[in-house]
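Listed here are the chains, written in short residue letters.
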Amino acid sequence: MTRRPLFWTTTLALAIGLAGCGDPAPPSDTRSTAKAPAHGGILKVAFDGDPLCIDPHQAGNNTALNVGRQLTDSLTDQDPQSSEIVPWLAERWEISEDSRRFTFHLREGVTFSDGTPLDAAAVKANFEAIIGLGALATLGGTYLSGLESIEVPEPLTLVVSFKQPNAQFLQATSTMSLGLFATSTLQRSSEERCQGALVGSGPFVLDSFTHNQSVKLSHRADYTWPSSLAGHQGRAWLDGIEFVIIPESGVRLGSLLSRQIDVNTGVAVQDEGILEAQGIPFIARPNPGIVFNLAPNESRELLKETAVRQALNKAIDRSELQGIISRYQKPATSALASSTPLYHDLSGALQHDAQGAARLLDEAGWQLGADGIRARDGQRLSFRVDYWQASTPVLELIQQQLRQAGIELRLNKTTISQTSALQSEGDYDLWFFNLTRADPDVLRTVFFASGRNVNKRPFSEVDEVLQASASVLDAGQRRQLIQRASQLLVEQGHILPLYESATVTAFGNHVHGLHYEASTRLQFFDTWLEPR
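The shown structure was predicted, so the numbers you read here are calculated from the model rather than taken from an experiment.

What to know about the nonpolar core
Turning to step 1, where the next piece is worked out: If you look at the biggest cluster of nonpolar residues, it comprises 93 residues, and the most contacted ones within it are Phe 104, Phe 127 and Phe 447.
Turning to step 2, where the next piece is worked out: No other element matches helix 2 (residues 120-132), which puts six residues into this core.
Turning to step 3, where the next piece is worked out: Summarising the domain contributions, this core has at least three residues from each of domain 1 (42-285 + 504-529) and domain 2 (289-500).
Turning to step 4, where the next piece is worked out: Leu 360, Ile 398, Ile 407 and Phe 432 belong to the second largest nonpolar core, which has 32 residues in total.

A look at the side chain of His 515
Turning to step 1, where the next piece is worked out: Positionally, His 515 belongs in strand 24 (residues 515-516).
Turning to step 2, where the next piece is worked out: Exposure remark for His 515: the relative accessible area of 11% places this residue in the buried category.
Turning to step 3, where the next piece is worked out: A distance of 3.2 Å separates a polar side-chain atom of His 515 from the backbone oxygen of Gly 513.

Regarding helix 9 (residues 306-315)
For an α-helix, 3.6 residues make a turn, and residues three or four places apart therefore share a direction.
Turning to step 1, where the next piece is worked out: Of all the positions in helix 9, only Val 308, Arg 309, Ala 311, Leu 312, Asn 313 and Ala 315 are classed as buried.
Turning to step 2, where the next piece is worked out: Packed against the buried residues of helix 9 are strand 13 (289-296), helix 10 (354-363), strand 18 (382-387), helix 11 (392-404), helix 15 (475-491) and strand 21 (496-500).

Considering the sheet that holds strand 18
Turning to step 1, where the next piece is worked out: Taken together, six strands build an open sheet; the order of strands is 14-21-13-20-18-19 and the sheet is mixed. Sheet topology places strand 14 (330-331) and strand 19 (408-413) at the edges, where each strand pairs with a single neighbour.
Turning to step 2, where the next piece is worked out: On top of the sheet, helix 11 reaches strand 13, strand 18, strand 19, strand 20 (430-436) and strand 21; it is set at about 165° to strand 19, its chief contact.

Describing the UniProt feature "domain: Solute-binding protein family" (unreviewed entry) in the protein
Turning to step 1, where the next piece is worked out: In the numbering used here, UniProt assigns the "domain: Solute-binding protein family" (unreviewed entry) feature to residues 84-441.
Turning to step 2, where the next piece is worked out: Taken as a whole, residues 84-441 contains 24% helix and 25% strand, while its terminal C-alpha atoms sit 16 Å from one another.

Considering the sheet that holds strand 4 (residues 90-95)
Turning to step 1, where the next piece is worked out: Pairing within the open sheet is antiparallel, and its four strands lie in the order 4-5-7-6. Single-partner strands in this sheet number two, and they are strand 4 and strand 6 (147-154). Adjacent strand axes in the sheet meet at a mean angle of 20° when their direction is disregarded.
Turning to step 2, where the next piece is worked out: Alignment of strand 5 (residues 101-106) against strand 7 (residues 157-162), held across five bridges, turns out to be antiparallel. Bridge pairing in strand 7 links Phe 104 to Leu 158.
Turning to step 3, where the next piece is worked out: Here helix 2 sits on the sheet and contacts strand 5, strand 6 and strand 7; the angle it forms with strand 6, its principal contact strand, is near 165°.

Thresholds, definitions, all that
- Position numbers for residues start from 1 in each chain and track the written sequence from start to end.
- Restriction of local features to residues with pLDDT of at least 70 applies here, the model being predicted, together with a cutoff of 80 or more for giving and counting side-chain atom pairs; totals for whole chains, interfaces and linings are based on all residues.
- Where side-chain values are given, they derive from all heavy atoms of the structure, hydrogens and water being excluded.
- Put simply, buried Ala, Val, Leu, Ile, Met, Phe, Trp, Tyr and Cys residues joined by side-chain atoms within 4.5 Å make one nonpolar core.
- The buried label applies to any residue whose accessible area, calculated with a 1.4 Å probe on protein chains only, is under 20% of its type's maximum; exposed applies above 50%, and partly exposed to all values in between.
- To qualify as a helix, a DSSP run of H or I must reach at least 4 residues; to qualify as a strand, a run of E must reach at least 2; elements of each kind are numbered from the N terminus.
- Boundaries between domains were set according to an automatic or database domain assignment.
- In the analysis that follows, any N or O atom pair within 3.5 Å is treated as a polar contact, provided that within protein one partner can donate a hydrogen and the other can accept it, and provided that, for residues neighboring in sequence, both atoms belong to side chains.
- Any pair of residues with heavy atoms lying within 4.5 Å of one another is described as a contacting pair.
- Pairing between strands requires that DSSP locate at least two bridges from one strand to the other.
- For helices, the fitted line uses only the C-alpha atoms of the stretch in contact; every axis is such a line through C-alpha atoms, and the angle between N-to-C directions lies from 0 to 180 degrees.
- UniProt positions are given in the numbering used here, feature names are shortened, and annotations may be inferred rather than shown by experiment.

If you want it as C-alpha cells, here you go:
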C-alpha cells in the first residue's frame, strides 16, 4: 500500500509522578500472559451510565462507542503506540498526490452477520448513509465533509474523492464512527438504530439492549477478518459480553472485588488507591483529543464578550485540580491533550491570573456587588453548567475559583439524556465535555463554525485556520496550523481547558488480553477468561 509519512510523533506513556502524590503503580499489561488463551465465557463489564444510542454512526460518548467497537469493523486500524494507520478490512490503499482521492482495496470474503457481503458497494452505502444522517452523525459527518464522489470500479475497490485535500480522512477510516453495517441496518430509522437495530461485520453481534440495565452481545462463530493489529486469528475468544449499568462507583468496586463483574470501566478517583492496595489489576491510558473543558455558548449575550470569556480562563487555577483528579490525569496545558498528535503546549496562556481577570471585567463595566458577584446594568455575571459526568469535585473547585473573581457558576448535575437534550436545543451557557480522537482534526469536528460549532458563533479567523489544517498536505504546515488554531481557541476564550482525561479500567485476575485501541476505547476481540 502507499502510505504518506506520519505527520506526527506521539507519546502514549502515562503522565505519572505528579506533584503532591507518590508515583502510581504501573498499569497492568494484560496482552501478555504465560497462560494459553481459551475460548468460552461471558465477560461482565460495568459501565457508569447508560449508552443512550449504541449506533456508532450517531453516538459520541465513550460508553456507547465501547459497545459499537465490538459490533463493527473499519477499513483501517490505528496502532495505539505509533499512531500508524494499518490494514483491516482494506488490505491496501493508494492516496493521490493532492490527498483528494483515496483508493481502497478490500479483503475478500468478509460478510455482515446477516450473511450479506461487505464489498465496496456496502462501504459506499455506509458513507452515504452517514451523510444522510445530517447533524445526527456528530462525528462521522465531519470526517466526510467535502465529499465529492464515491466510485466502485470493481466489487472490492472503492474510490473516495473530496473537493479539497483531506489530511485527516485516512485516520478517520480507522474510527468506529465510519464503521460498517449491513444494508438492512442502513434502511432502519435513526431511532431504531440507536436502540439496537444493528447488523455489523464485527466479532460480536447484538442480542439485546435494555436502557439503564444492560447490553448483551454474543460472539460470531464465522468471524475471520480481525485487524492486522489483532493478537490472534479466527473468532473472538469470548462467547459473549454483558455490559451492565452500575452508576454508583462503590457498587462497581464491590461487584469487582466479589467477582459479580469482571471489568469496571469507570474506576473512581477515590477507588484507585484501594485497587493498588488489594493488588487488583488495571490498565490506564491518557485520552488523546480535546481535554475536559467548558465551551461557552457565544449566542448568549454575556458570552459574546471576548473580555468575559478571557476573564473566565484567567480566573481558573488549573494547578489546584491536581489534588482532586486522578493520578493518571493532569491539568490541561492546551485545547488538545498532550497525548494527541501535533499537540502544542500553551500552558503560558492558561496561567492563573486573578488580577488580569479582574482588570478585564472592570474595564468591561462589571462591578462587584454586595454578595460578591459582579453585575452590570442590573444583570449578574452568572452562568449555568449542566453535566452528568462524575466530575462534581472538579466543577465545585472551579465554582469556588470563579466566585473569587466575582463570577457565579451554577452547577446542575443531571442525567446524560437530559444534558444531551439541553445541548441539542442550544439551551446551555457552558458545555462541559471532552472528546477522544487520536488526530488533531478533532478540533475542527467540535469548533468549526460551519460544523458542530459548540460555541454557536459566527465564522472567524479560527475557522479559516481549522479548515486549512484539514486540507494542507505539508507536515510542518499542518503542525503550525493546528498550533495556531489551538492558540486562537484558548486566547479568545472559545474553550476553557480544565484537565486531561485518562481512562482507568480495573478487572479480575482471571481476565486476560484486555487493552485499549488508539482512541482509548476498549477492544475485546483478544480478551479471554481464565476458567474458574
